[in-house]
Amino acid sequence: MIFKKKLYIKGMDLKQNNNRRMISLIAPLAIGFSLCACGSDNVAGGGPSGTEAGNAITAQILIANAPAANARVKLVEHNSLDGQGYTATADSNGFVSIEHVAVGNYTMEATLDESALALQLPVDVKDTVSDVELGQQNLQKSVFIGGSITDFIGNTDESIKNMNGFVKFRGLDHSAAITNGKFEIFGLPAGHLNMVIIPAETADTVKVTVETDAGDSVTTLKPNTPEPEKETLLIDDFEDGDFYHRLAPEYTNFMFGGGQWAINTDPAIVNIDTLPGSFKITPVATYTPFGGSPFTAVIQDDGNGGKEVHFTIEFPDTSAYKQASAIVKVDIGNSGVSYDLTPIDTIAFEAWGQGTADFVIIDATLKDVDASLGGAAFTIGKTSMELTQEKKKYKFALADIVPNEETRKSATTMGLVFHSDAELHFDNLEFIGNDLLNIWKSNK
């Protein structure tokens, strides 16, 4: 069977007694801390400062339609958990401006001293020259969330009842400690709150999505229907020993390049000792007759009766290629065709060895982007990883790698990019989500 069921947070007894609120549960192994390393500390200038300064995010913060002088404003990447971002202070008329903001999706939060007033707004920065004018925005009574963790996730296990850890909120600079299974947090802005429960004893996390009104005091969420169990779709375990992922024969035109694995290098010189710009890949990968791929050479016995990808790569030892790169990659479907990855919640695989890599997702249909660096210049999202000598299962939430949902609807390739010498063992690439086979019906 291709599909198998996995539920990373076990024992969830999910109930609900309030239709206005919603809850969803996920458990990614890797927590996607800030994808946008923003960090300016600006003081309000009362409005846009002109085109010479680049873009500006502007608003007037109000209390009951009167200026909220000295209100504090923070702009955080909407998927971030670390709360880092751009900050500013409203002037005496409530005007605030944050300049030089990087392209991305953000949450703007405004608060006023300790008055229990707050607001949050989504902010989409499309370029670095256009202003984003948010107009007048009234502060509202803030929200309290707290109580027992078991009241939020319905899990009565002793380890959950008495757990220690943290509660954080995506896109906001709020967190609270969980002590003996209890927590409380004041001053949250009303609206959509993505709360993430992070146990200290395990890498698993739980996401609780809450819709709140101004002044809410939320102490329990008991949904009546459990979140659907996620499907796990095995993309490849390399047991067939060929250079197509295991779904290719059924869902792609694999005879003409669909679902291929490959190793690309830039510069594209491999195993030619007489050339200073040559990579050295072991085992030696060469093209085989009748359309074979050199990738089959790096599919090795794993020592346990199965197969895995295993190779070492040595980079050119010359200053002429300081930006050299190599990528081991797989086409999601037919070569040069993009696919909608939104059914995926998590991408998982086993990897170990030595070196540092970026796990990347690529859209090779972006022909206006420079195609150098072994294909990695088409990257629409990436996350760094350090290989360990012991086998490790990596799990990356797709929304952490590619925060923009529209961007996730167009992807062609995924892989690991290296910029220095490395040894890689790689096995069991999986997608985790719902209706995963719909990915291959979405080709563009």
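Residues numbered from 1 in each chain as written. Predicted model: local features only at pLDDT ≥ 70, side-chain atom pairs only at ≥ 80, totals over all residues. Heavy atoms only, no water.

A. Looking closely at the overall build of the protein chain. Scanning the protein chain from terminus to terminus reveals 4 helices and 29 strands. When the 444 residues of the protein chain are sorted by exposure, 50% land in the buried category. Within the protein chain, contacts between residues at least 6 apart in sequence are counted, and of these 71% link residues at least 24 apart. Just so you have it, the protein chain exposes about 20,400 Å², and 49% of that area is on carbon and sulfur atoms. (Helix = DSSP H or I, 4+ residues; strand = E, 2+ residues; numbered from the N terminus. Buried < 20%, exposed > 50% of the residue type's maximum accessible area, 1.4 Å probe, protein only. Contact = heavy atoms within 4.5 Å. Areas by Shrake-Rupley, 256 points an atom, 1.4 Å probe, with all protein chains shown as cover.)

B. Main features of the environment of Met385. Tracing the backbone shows Met385 in strand β26 (residues 379-386). Sequence-distant contacts of Met385, that is, excluding residues within four places in its chain, are made with Phe349, Ala351, Gly355, Thr356, Ala357, Phe359, Tyr394, Phe396 and Leu416.

C. Region of interest: the sheet that holds strand β12 (residues 165-169). As summarised here, the arrangement of the 4 strands in space is β13-β12-β15-β16, forming an open sheet in which the pairing is antiparallel. Edge positions in the open sheet fall to β13 (175-178) and β16 (206-212), since each of these has one partner strand only. With strand direction ignored, the average angle separating the axes of adjacent strands in the sheet is 25°. By the bridge criterion, 7 bridges tie strand β15 (residues 191-199) to β16 in an arrangement that is antiparallel. (Pairing = 2+ DSSP bridges. Axes fitted to C-alpha atoms, helices over the stretch in contact; angles between N-to-C directions.)

D. Spatial organisation of the pattern of salt bridges. Enumeration according to the criterion identifies 10 salt bridges in this entry. The salt bridge involving Asp345 is made with Lys230; its shortest N-O contact spans 2.8 Å. Of this pair, Asp345 sits in strand β24 (residues 344-354) while Lys230 is found in strand β18 (residues 230-236), placing the two residues 115 residues apart along the sequence. For Lys230, a relative accessible area of 12% corresponds to the buried category. (Salt bridge = Lys/Arg side-chain N within 4 Å of Asp/Glu carboxyl O.)

E. Structural detail: the packing of aromatic side chains. Scanning the model with the defined rule gives 17 aromatic pairs in all. Arranged with centres 5.9 Å apart and planes meeting at 65°, the rings of Trp261 and Phe426 form a pair that is edge-to-face. One end of the pair, Trp261, is in strand β19 (residues 261-266); the other, Phe426, is in strand β29 (residues 422-433), and 165 residues separate them in sequence. The pair formed by Trp261 and Phe426 is uniform in burial state, with each residue classed as buried. (Phe/Tyr/Trp six-rings, centres within 6.5 Å; stacked < 30°, edge-to-face > 60°.)

F. Looking closely at the side chain of Asp363. As for its position among the elements, Asp363 is in the loop between β25 (356-362) and β26. Using a relative accessible area of 4% as the deciding quantity, one classes Asp363 as buried. Separated by 2.5 Å, the side chains of Asp363 and Thr365 make a polar contact. In terms of polar contacts, Asp363 uses its side chain to reach the side chain of Ser410, at 2.8 Å. Here Asp363 is in contact with Ser338, Phe378, Ile380, Ser410, Ala411 and Thr412, once residues within four sequence places are set aside. (Polar contact = N/O pair within 3.5 Å; in protein donor to acceptor, adjacent residues only side chain to side chain.)

G. Summary view of the confidence of the model for the protein chain. Across the protein chain, the average pLDDT comes to 80, with 79% of residues at or above 70. A low-confidence stretch, residues 1-53 (pLDDT under 50), is modelled with 149 contacts involving residues beyond four sequence positions or located in other chains. (pLDDT = per-residue confidence, 0-100.)

H. Quick look at the sheet that holds strand β14 (residues 182-188). The strand order β14-β11-β17 describes an open sheet built from 3 strands, whose pairing is mixed. If you trace the sheet from one side to the other, it starts and ends with β14 and β17 (217-218), each paired once.

I. Spotlight on the pairing of β15. Of all 9 residues that make up β15, 7 are buried, and the element is covered over most of its length. In this structure, β12 lies alongside β15, joined through 5 bridges in antiparallel fashion. Looking at β15, one finds that Phe169 is bridged to Met195.

J. Just the nonpolar core, in detail. If you look at the biggest cluster of nonpolar residues, it comprises 53 residues, and the most contacted ones within it are Phe349, Phe359, Ile361, Met385, Leu416, Phe426 and Trp440. Examining the composition of this core, we find that 5 residues originate from one element, β29, more than from any other. In this structure Phe359 touches Ile347, Phe349, Gly381, Lys382, Thr383, Met385, Phe396, Ile401, Met414, Gly415 and Leu416, once residues within four positions along its chain are discounted. Listed in part, the 25 residues of the second largest apolar core include Leu75, Leu119, Val123 and Val125. (Core = buried A, V, L, I, M, F, W, Y, C linked by side-chain atoms within 4.5 Å.)

K. Representation of the environment of Pro189 within the structure. Inspection of the secondary structure assignment puts Pro189 in the loop between β14 and β15. Exposure remark for Pro189: the relative accessible area of 0% places this residue in the buried category. As a C-alpha pair, Pro189 and Ala214 span 25 residues in sequence and 7.6 Å in three-dimensional space.

L. Layout of unusual backbone geometry. Here the amide bond leading from Asp266 into Pro267 is cis, since omega sits at 10°, within 30 degrees of zero. Within the fold, Pro267 resides in the loop between β19 and β20 (280-282). A cis amide bond links Thr282 with the next residue in sequence, Pro283, at an omega value of 5°. With respect to the helices and strands, the residue Pro283 is situated in the loop between β20 and β21 (299-301). A positive phi angle, close to 50°, is found at Asn180, a residue other than glycine. Looking at the secondary structure, you find Asn180 in the loop between β13 and β14. A positive phi angle, near 65°, is found at Phe238, a position not held by glycine. Relative to the helices and strands, Phe238 is located in the loop between β18 and α3 (248-251). With relative accessibility at 0%, the residue Phe238 sits in the buried group.

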